[in-house]
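# Observations on chain architecture
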Amino acid sequence: MKNSIRVERAIADISQQQLADSVSVSRQTINAIEKGRFVPSTVLALKIARHFNKKVDDIFFLEEED
Amino acid sequence: MKNVFLLPNRCKIWGWIVFAFSALFGAYILFIEESYFYFNFDYMQAFKNNIAIIGPLVGLSLVAFSKESVEDEYVMLLRTDALMKAILIDCLLIIICALFVYGGAYFYYLSFSQYIVLLLYIFIFRYNVYKYLNSNEE
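None of these values were measured; they are calculated from a predicted model.

### Some remarks on the overall build of chain A
The helix and strand tally for chain A stands at five helices and two strands. Moving toward the C terminus, one meets the helices and strands of chain A in the order β-α-α-α-α-α-β. For chain A, whose C-alpha radius of gyration is 11 Å, the value lies close to the compact-globule estimate of 11 Å for 66 residues. Dimensions of chain A along its principal axes, counting C-alpha atoms only, are 30 × 20 × 20 Å.

Structure (structure tokens):
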């Protein structure tokens, strides 16, 4: 699964730490999600999408092999 | 997302204290007093043995099942990963010891093996958390 969190953060001009604080996880977790090393739970994906005022599938999308 | 019960973070330091004292006491009665393996039932000895057996288990459990200062779903994934590796290594150790260790040494191994899975879990999990907290590339 890929995501566009890094792009959304750049548009909103917020750091990993600020996003992490607003969805109650650590900065390293946001980093792991951006790098594609960690697939977040549905709850966390919904929180991240809500933070950017977008739908979940505007930010997270499936890859060929998923 | 709160679906796994974990003890408060401060239990971890108490766990290490309980573990250190009772493990030292266990080592004392095993290696210095040499009274751990007794053959005539004696209440005092049974009490001392129970402290040496239960103390480290309680201590290690407190350490293993207390929250990290940062606790989120990625840390929970690190816990699962550590638990799986710990059980796998424990199984391998049991197999190796069953094949190659005999007699009294095997008896010693059995008395320690109950702590090995918890100890492995704690050390692998700590290593995972260390790597996680130092993953700074942005």
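From this point, the narrative continues.
### A few points about the domain arrangement of chain B
Residues and elements named next belong to chain B. Along its sequence, chain B is organised into domain 1 (1–67) and domain 2 (69–138). One C-alpha centre belongs to domain 1, the other to domain 2; they are set 18 Å apart. With 22 residues of domain 1 at the contact, the number on the domain 2 side is 16 residues. For the pair domain 1 and domain 2, the interface holds zero salt bridges. Put simply, domain 1 and domain 2 have four residue pairs in polar contact (both at pLDDT 80 or more) between them. Every element with two or more residues in the side of domain 1 that touches domain 2 is listed here: α1 (11–32) and α2 (43–64). Broken down by element, the side of domain 1 that touches domain 2 gets its largest block of residues, eight residues, from α2.

How each quantity is defined
- Residues numbered from 1 in each chain as written.
- Chains lettered and ligands numbered in written order.
- Predicted model: local features only at pLDDT ≥ 70, side-chain atom pairs only at ≥ 80, totals over all residues.
- Heavy atoms only, no water.
- Helix = DSSP H or I, 4+ residues; strand = E, 2+ residues; numbered from the N terminus.
- Rg over C-alpha atoms; globule rule 2.2 N^0.38 Å.
- Domains from an automatic or database assignment.
- Contact = heavy atoms within 4.5 Å.
- Salt bridge = Lys/Arg side-chain N within 4 Å of Asp/Glu carboxyl O.
- Polar contact = N/O pair within 3.5 Å; in protein donor to acceptor, adjacent residues only side chain to side chain.

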